[in-house]
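Single-letter residue listing:
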Amino acid sequence: MRARLPAAEELREIYAPEYFKASAEEPANGYADYLADGERHRETARRRLSLLYRFAPPRGKLLDVGAAAGFFVDEAIRAGWDAQGIDIAPQVVDWGRRELNVSLRVGGITSVEAPGTYDVVTMWDYIEHSLDPDGELAKSNELLVEDGLVALSTGDLDSLAARLSRSRWHLLTPRHHNFFFGAKTLVRLLERRGFDVLWLGHPGARYSLAHLTYKLDRGAKARVTAAAARRIATSRFGRYSLPLNLFDIVTVVARKARFVAS
């Protein structure tokens, strides 16, 4: 499933600062406050790194595509990886460079000219934002060493939550999410682009109450505004986190196939 694709020149405006921190005036379909939820991002990063460890020891070069401020990159470095990230949003990239002192650059994966360099390429909650997921998976294959890994997560269009929610599914956010995949479709895409799928699952995560309130508000399209989520975020309740799994986000780990069919 594909949404109307934005033009490349629209991306800077789409992923403006308001995407990462909503306001009553700019209730964008992004985050209530991305940076304030840094510890939640770190918790998720550590769980994802534990998954990677099943298939590769924490050494070698790792590229995180759609890295945002670099919380995953920072946790990967702490775990032993030579990690760097890339993202198209300059304001969060600048924050990550300054505050986390991690290697981040502004751009997309197609701008990376380093074939056969990386042991792992990660695309966490990213491929749905891509303007060309097929091409970017092909590029990730090119960037990987022999037997290198790609790991990604994205919404599962075939999930029960997506099918029941239909147009109110929380991941149907116009302009930000451009492509939607069912798990089986995603596997076929990876195989077509030269990968063997090693693991597929629907792990849950922890979310702050502020983020959940914000997403509920945006999904329900109620009169409650993003300002209410901001008030919760700044209260002592907003930082509390809850485990949640709707089983509608699929995670896949795949290995670069040794022989790619032409």
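One structure accompanies this document, and this report is about it. Small disclaimer: the values here were computed from a predicted structure and weren't measured.

In this section: the overall build of the protein. For the protein, the helix and strand inventory stands at 10 helices and nine strands. Taking all 262 residues of the protein together, the buried fraction comes to 50%. Long-range contacts, defined here as pairs at least 24 residues apart, represent 73% of the contacts in the protein between residues at least 6 apart. When the accessible surface of the protein is split by element, carbon and sulfur atoms take 53% of a total near 12900 Å².

With 32 residues, the main nonpolar core has Phe20, Leu52, Leu62, Phe72 and Trp81 as its most contacted residues. Taken together, the elements giving at least two residues each to this core come down to helix 1 (11–14), helix 2 (17–20), helix 3 (38–53), helix 4 (71–79), helix 5 (90–100), strand 4 (118–124) and strand 5 (144–155). Setting aside residues up to four positions removed in sequence, Leu62 forms contacts with Leu52, Phe72, Trp81, Asp82, Ala83, Gln84, Tyr118, Val120 and Thr122. Among the nonpolar cores identified, the runner-up in size contains 26 residues, and Leu63, Val112, Leu186 and Ala254 belong to it.

This part covers the pattern of salt bridges. One pass over the structure, following the stated rule, counts 18 salt bridges. Across the pair Lys21 and Asp33 runs a salt bridge, and its minimum N-O distance is 3.7 Å. A residue pair is termed long-range when its members are at least 10 positions apart, and Lys21 in the loop between helix 2 and helix 3 and Asp33 in the loop between helix 2 and helix 3 qualify at 12 residues. The partly exposed category is assigned to Lys21, whose relative accessible area is 48%. On the accessibility criterion, Asp33 (19% relative accessible area) is buried. Of the charged contacts, one joins Lys61 and Asp82 as a salt bridge, the two residues approaching to 3.4 Å between their closest N and O atoms. Highlighted residues: Lys61 in strand 1 (residues 61–65) and Asp82 in strand 2 (residues 82–87), separated in sequence by 21 residues.

All right, on to the sheet that holds strand 6 (residues 195–201) then. Taking strand neighbours across the sheet as the criterion, the seven strands line up as 3-2-1-4-5-9-6 in an open arrangement whose pairing is mixed. The outermost strands of the open sheet, each flanked by one partner alone, are strand 3 (104–106) and strand 6. The average angle at which neighbouring strand axes cross in this sheet is 20 degrees, direction not considered. As judged from the five bridges shared by strand 1 and strand 2, these two strands associate in the parallel manner. When the bridges of strand 2 are listed, Asp64 appears paired with Gly85. Of the strands in this sheet, strand 1, strand 4, strand 5, strand 6 and strand 9 (249–256) touch helix 3, which is tilted by about 140 degrees from strand 4.

The rules behind the values
- Residues numbered from 1 in each chain as written.
- Predicted model: local features only at pLDDT ≥ 70, side-chain atom pairs only at ≥ 80, totals over all residues.
- Heavy atoms only, no water.
- Helix = DSSP H or I, 4+ residues; strand = E, 2+ residues; numbered from the N terminus.
- Buried < 20%, exposed > 50% of the residue type's maximum accessible area, 1.4 Å probe, protein only.
- Contact = heavy atoms within 4.5 Å.
- Areas by Shrake-Rupley, 256 points an atom, 1.4 Å probe, with all protein chains shown as cover.
- Core = buried A, V, L, I, M, F, W, Y, C linked by side-chain atoms within 4.5 Å.
- Salt bridge = Lys/Arg side-chain N within 4 Å of Asp/Glu carboxyl O.
- Pairing = 2+ DSSP bridges.
- Axes fitted to C-alpha atoms, helices over the stretch in contact; angles between N-to-C directions.

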